[in-house]
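# Descriptive structure summary
Chain by chain, the residues run as shown.
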Amino acid sequence: MKLADRVNKIQPSPTLSIDAKAKALKAQGIDIVGFGAGEPDFDTPENIKAAGKKAIDGGFTKYMPVGGADDLKDAIIAKMKRDNDLDYSRDEISVACGAKHTLYNISQTLIQEGDEVIIPGPYWVSYPDQIVLAGGTPVFIMTDEVTGFKVTPEQLEQAITPRTRYLILNSPCNPTGSTYLKEELIALGQVLLKHPHVMVVADDIYEKLIYDGITFYNIAQVVPELKPRTIVVNGVSKAYAMTGWRIGWACGPKEIMGAMTKMQSQSTSNATSIAQKASVEALNGSQEALPPMVAEFEKRRTYIVDRLNAIPGVTCFRSNGAFYAFPNFSGIYGKSTPKGKKIENSSDLAAYLLEDANVALVPGIAFGDDRYARLSYAISLETIKKGVDRIEEAIKNLK
Ligand SMILES: Cc1ncc(COP(=O)(O)O)c(C=O)c1O
């Protein structure tokens, strides 16, 4: 079958496929501990579900304005002011079917053939492929535990060229959980101010999931001169356990939001009407459901990081956000499994743990660094304990 070249330039999302593999094994009755999930294990809060049901019963089931309903845009405007101290108007917002779709619209709207996009790594799997699909070239700035998985101003300066179109800043980060502090954003902002042709795409999807009492900041909030060239991406998926509802949005310059909406008018049209109503409730309604979810994630984060660090040959950075642990397993590379297979990289490790220990995790190579693996702690503490026990045992059995 002849397919377009662009299909062969990209990979299927590795995180989604590992999660699917673990679910398939579970469906066969195998007791798999799945650390692959990229979504909260909590249910969507009741008030939000009720708003969705009310929208259906009220006949709110028709086509909508492509870039989002006015009441949702108003709820986003209020949220951006309340949480981020950023002012936007309705024409500076574009609502899409999730933050992933929003980021896709941005790449299709801004990137010309040969443009470069700077991606700090380890990075979320979809960034490079979306950029390649748009004809751009991903330029990676790799980070590790030494800088808390954060890009330094010097690294950023070095990566910028005349072809740089934008920088993606994802804080808290998937897969590392790393969260930039105010001073760190200001330092990166000083570099960006010297390069007026570089835009910033701030992916704030994990904004609400931060721990240890730190405060979330967006770069446009702390370096206001950057606001005219910053696009803020956010959505309801992670904060409100609404991954299946598919609502995300961008806030930024009017001309770009209009162009993104034009692009979307020829693909998905509007995001689902019912989900938009539920998202209005998520943003405007009671926020009571959030603190218990965040507290539970923090408890799990502390547990999993401590347990992983206690395994000889494994080190795990204690990050302040999202719901992923990103341990470094390179200390066990070179050892052999009881069946005599040498573990040389993160894919070998993931295969060994899945086959011999019934544990699914995502190899770090999917995020650009083979030394690591990603474990989502969006599963119960009990399941985390069972999974880490198995990992510990499996690693002990290596020779
Ligand atoms: C960093 C990051 N950005 C964006 C998304 C997409 O979120 P959604 O499309 O569900 O809004 C994800 C989901 O895993 C993510 O991890």
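Residues numbered from 1 in each chain as written. Predicted model: local features only at pLDDT ≥ 70, side-chain atom pairs only at ≥ 80, totals over all residues. Heavy atoms only, no water.

Our focus in this paragraph is the pairing of strand 8 (residues 248-251). The alternating pattern of strand 8 places G248 and A250 on one face and W249 and C251 on the opposite face, and all of these are buried. Alignment of strand 2 (residues 93-96) against strand 8, held across four bridges, turns out to be antiparallel. The residue of strand 8 that forms the bridge with S94 is A250. Relative to strand 8, strand 7 (residues 230-235) is paired through four bridges, and the arrangement is antiparallel. Bridge pairing in strand 8 links V232 to C251. (Buried < 20%, exposed > 50% of the residue type's maximum accessible area, 1.4 Å probe, protein only. Helix = DSSP H or I, 4+ residues; strand = E, 2+ residues; numbered from the N terminus. Pairing = 2+ DSSP bridges.)

Okay, the nonpolar core next. Generally speaking, nonpolar side chains in soluble globular proteins are found buried as a group. One finds F35, Y166, I231, I304, F329, L353 and I391 to be the most contacted residues of the largest nonpolar core, which totals 70 residues. The residues that make up this core include at least three from each of domain 1 (5-43 + 289-396) and domain 2 (60-284). Non-local contacts of F329, meaning those with residues more than four positions away in its chain, are made with G313, V314, L349, R371, A373, L375, I391 and I395. Within the second largest apolar cluster, 25 residues are counted, among which are L72, A220, V236 and M242. (Core = buried A, V, L, I, M, F, W, Y, C linked by side-chain atoms within 4.5 Å. Domains from an automatic or database assignment. Contact = heavy atoms within 4.5 Å.)

Together, M1, L3 and V7 make up an exposed nonpolar region whose accessible area comes to about 390 Å². Structurally, the position occupied by M1 is in the segment before helix 1 (5-8). Given a relative accessible area of 95%, M1 falls into the exposed group. (Patch = residues over 30% accessible without salt bridge, like charges linked within 9 Å, V, L, I, M, F, W, Y side chains within 5 Å. Areas by Shrake-Rupley, 256 points an atom, 1.4 Å probe, with all protein chains shown as cover. Salt bridge = Lys/Arg side-chain N within 4 Å of Asp/Glu carboxyl O.)

Mapped onto the secondary structure, N218 falls in the loop between strand 6 (199-203) and helix 9 (219-222). You can call N218 buried: its relative accessible area is 1%. Apart from residues lying up to four places away in sequence, N218 is in contact with L86, L185, A202, D204, T230 and V232.

Contacts to the ligand come from 13 residues, most closely from A99, D203, S237, K238 and R246. Within the contact set of the ligand, an oxygen atom lies 2.8 Å away from a side-chain nitrogen or oxygen of Y206. A distance of 2.7 Å separates an oxygen atom of the ligand from a polar atom in the side chain of S237. About the coverage of the ligand: the protein hides 93% of its 390 Å² of free accessible area. Residues belonging to the shell around the ligand are distributed by class as follows: five nonpolar, four polar and four charged. (Near = heavy atom within 4 Å. Polar contact = N/O pair within 3.5 Å; in protein donor to acceptor, adjacent residues only side chain to side chain. Nonpolar A, V, L, I, M, F, W, Y, C, P; charged D, E, K, R; others polar.)

On to the domain arrangement of the protein chain. Each assigned domain of the protein chain is listed with its residue range as follows: domain 1 (5-43 + 289-396) and domain 2 (60-284). Computed over C-alpha atoms only, the centres of domain 1 and domain 2 are separated by 26 Å. Domain 1 puts 38 residues into the contact, and the matching count from domain 2 is 33 residues. Taken over both partners, the interface formed by domain 1 and domain 2 buries close to 3,000 Å², and the fraction arising from carbon and sulfur atoms is 61%. When the buried surface of domain 1 facing domain 2 is broken down by residue, F317, N320 and F367 rank first, second and third, together holding 20% of it. The interface formed by domain 1 and domain 2 includes three salt bridges. (Buried area = accessible area lost by both parts, 1.4 Å probe.)

For the rest of this paragraph, the subject is the packing of helix 4 (residues 70-84) against helix 11 (residues 273-284). Remark: helix 4 packs on helix 11, axes separated minimally by 9 Å, with the N-to-C direction vectors making an angle of 25°. Compared by their axis directions, helix 4 and helix 11 come out roughly parallel. Both helix 4 and helix 11 take part in a crossing whose hand is left-handed. Along the contact surface, helix 4 presents D71, L72, A75, I76, K79 and R82, while helix 11 presents Q276, K277, S279, V280, L283 and N284. Class assignment of the residues belonging to the contact of helix 4 with helix 11 gives a composition of five nonpolar, three polar and four charged. (Axes fitted to C-alpha atoms, helices over the stretch in contact; angles between N-to-C directions. Parallel < 35°, antiparallel > 145°, perpendicular 65-115°, else oblique. Left-handed = near helix turned anticlockwise from the far one by under 90°.)

Moving on to the sheet that holds strand 9 (residues 324-325). Taken in spatial order, the three strands of this open sheet run 9-12-11, and their pairing is antiparallel. For this open sheet the edge positions go to strand 9 and strand 11 (362-363), each flanked by a neighbour on one side alone. Two strands pair when backbone bridges link them, and strand 9 and strand 12 (residues 373-376) are joined in this way by two bridges, in the antiparallel orientation. Residue pairing for strand 12: Y324 is matched across the bridge by S376.

This next bit is on helix 11. Here helix 11 spans 17 Å end to end across 12 residues, near enough to the 16 Å set by a 1.5 Å rise per residue. Along helix 11, the positions that sit buried rather than exposed are S273, A275, Q276, A278, S279, V280, A282 and L283. Buried residues along helix 11 sit against helix 3 (46-57), helix 4 and strand 8. (Expected span 1.5 Å × (residues − 1).)

By the element assignment, V125 lies in the loop between strand 3 (116-121) and helix 6 (126-133). Looking at V125, the relative accessible area reads 7%, which means it is buried. Residues V125 and S13, spaced 112 residues apart in sequence, show a C-alpha to C-alpha distance of 6.7 Å.

Turning next to the packing of aromatic side chains. Tallying each qualifying case throughout the model produces 13 aromatic pairs. A ring pair is formed by Y123 and F140, whose centres lie 4.7 Å apart and whose planes are at 20°; its orientation type is stacked. Highlighted residues: Y123 in the loop between strand 3 and helix 6 and F140 in strand 4 (residues 137-142), separated in sequence by 17 residues. Residue classification places Y123 among the buried positions, given a relative accessible area of 11%. What makes F140 partly exposed here is its relative accessible area of 37%. When the ring of F297 is compared with that of Y377, the centres are 6.4 Å apart and the planes differ by 65°; the resulting orientation is edge-to-face. Highlighted residues: F297 in helix 12 (residues 290-309) and Y377 in the loop between strand 12 and helix 14 (381-396), separated in sequence by 80 residues. (Phe/Tyr/Trp six-rings, centres within 6.5 Å; stacked < 30°, edge-to-face > 60°.)

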